[in-house]
Amino acid sequence: QVQLVESGGGLVQPGGSLRLSCAASGSIFSVVAMGWYRQAPGKERELVARITSRGMTNYADSVKGRFTISRDNAKNTVYLQMNSLKAEDTAVYYCIIDTVYRGYWGQGTQVTVSS
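Our subject in this report is the structure included herewith. Along each chain, numbering runs from 1 in the same order as the chain's sequence is written. Two thresholds apply to this predicted model, a pLDDT of at least 70 for residue-level local features and 80 or more for giving and counting side-chain atom pairs, whereas whole-chain, interface and lining totals are computed over all residues. Side-chain figures throughout are based on the complete set of non-hydrogen atoms in the structure, without hydrogens or water.

Digging into the environment of Lys75
What counts here: Only DSSP runs of H or I covering at least 4 residues are called helices, and only runs of E covering at least 2 are called strands; the numbering of each starts at the N terminus. Burial here depends on accessible area, computed with a 1.4 Å probe over protein chains only, as a share of the maximum for the residue type. Under 20% is buried, over 50% is exposed, and the range in between is partly exposed.
With respect to the element layout, Lys75 can be found in the loop between β7 (67-72) and β8 (77-82). A relative accessible area of 57% places Lys75 in the exposed class. Placed 51 residues apart in sequence, Lys75 and Ala24 show a C-alpha to C-alpha distance of 7.6 Å.

Re the packing of aromatic side chains
Note the cut-off: A pair of Phe, Tyr and Trp rings is counted when the ring centres sit within 6.5 Å of each other, with Trp represented by its six-membered ring. The angle between the planes then sorts it: under 30 degrees is stacked, over 60 is edge-to-face, the rest tilted. Two limits define a charge over a ring: the Lys NZ or Arg CZ must be within 6 Å of the ring centre, and within 35 degrees of the ring normal.
Counted according to the given criterion, the structure contains one aromatic pair. Ring centres of Tyr37 and Trp105 lie 5.1 Å apart, and the angle between their planes is 50°; this geometry places the pair in the tilted category. In this pair, Tyr37 is assigned in strand β4 (residues 31-39) and Trp105 in strand β10 (residues 103-105), connecting sequence segments 68 residues apart. For Tyr37, a relative accessible area of 22% corresponds to the partly exposed category. In this structure, Arg102 is placed above the aromatic ring of Tyr104, and the distance from its NZ or CZ to the ring centre is 4.2 Å.

Let's talk about the pairing of β7
Threshold: Two strands form a pair only when DSSP identifies at least two bridges running between them.
Bridge count between β7 and β8: six bridges; the pairing is antiparallel. Residue pairing across strands places Thr68 opposite Gln81, the latter belonging to β8. Hairpin geometry of β7 and β8 is characterised by an intervening segment of four residues between the two adjacent antiparallel strands and by a positive phi of about 50° at Asn76.

Some remarks on the side chain of Thr77
Threshold: Counted as a polar contact is a pair of N or O atoms within 3.5 Å, where, for protein atoms, one must be capable of donating a hydrogen and the other of accepting one, and residues adjacent in sequence contribute only when both atoms are in side chains. Contacts between residues were defined by any pair of non-hydrogen atoms, one from each residue, lying within 4.5 Å.
One can find Thr77 in strand β8. A residue is classified by how much of its surface remains accessible, and Thr77, at 6% relative accessible area, is buried. In this structure the side chain of Thr77 is engaged in a polar contact, spanning 3.1 Å, whose partner is the backbone oxygen of Lys75. If we ignore the near neighbours within four places in the chain, the residues touching Thr77 are Cys22, Ala23, Met34, Ser70, Arg71 and Asp72.

With respect to the state of the cysteines
Rules: Pairs of cysteine sulfur atoms within 2.5 Å are what we label disulfides.
Here the structure, examined in full by the defined rule, presents one disulfide. Paired through a disulfide, Cys22 and Cys95 show a sulfur-sulfur distance of 1.9 Å. In this structure, the disulfide formed by Cys22 and Cys95 twists by about 40° around the S-S bond and is classed as right-handed. Taken together, the residues Cys22 in strand β3 (residues 18-24) and Cys95 in strand β9 (residues 91-99) connect sequence positions 73 residues apart. The buried category is assigned to Cys95, whose relative accessible area is 0%.

Considering the pairing of β4
With eight bridges connecting them, β4 and β9 associate as antiparallel partners. Within the sheet, the bridge partner assigned to Val31 lies in β9 and is Thr99. In terms of strand pairing, β4 meets strand β5 (residues 46-52) through six bridges, oriented antiparallel. Looking at the pairing, Arg38 lines up with Glu46 of β5. Between β4 and the antiparallel strand that follows it, β5, lie six residues; Gly42 among them carries a positive phi value of about 80°.

All we've got here are geometric facts, nothing functional implied.
Given below as structure tokens:
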């Protein structure tokens, strides 16, 4: 059975950095893209960043220039490097691995940006 395990969340001051990781515990075939969503209290879930298996990336306007997504296709692992963090980045972050058949979601990891 496939399970996505997230790590790297925590509490950080404004301007600080965090690196999130998400790895699949089982084999996944026909991966087409990996990405990160987030959901803040009182807000809808939004796409933060995505990366295709070929390395093409896309970012939400609010994080461009601050966040970097990367992946290891062989390990079905996706990362999110978050720099210059703002209070508005506070949310639960969820990873997703998309295949031609279905998507797999992580359990979420809390990121809190506060002074």
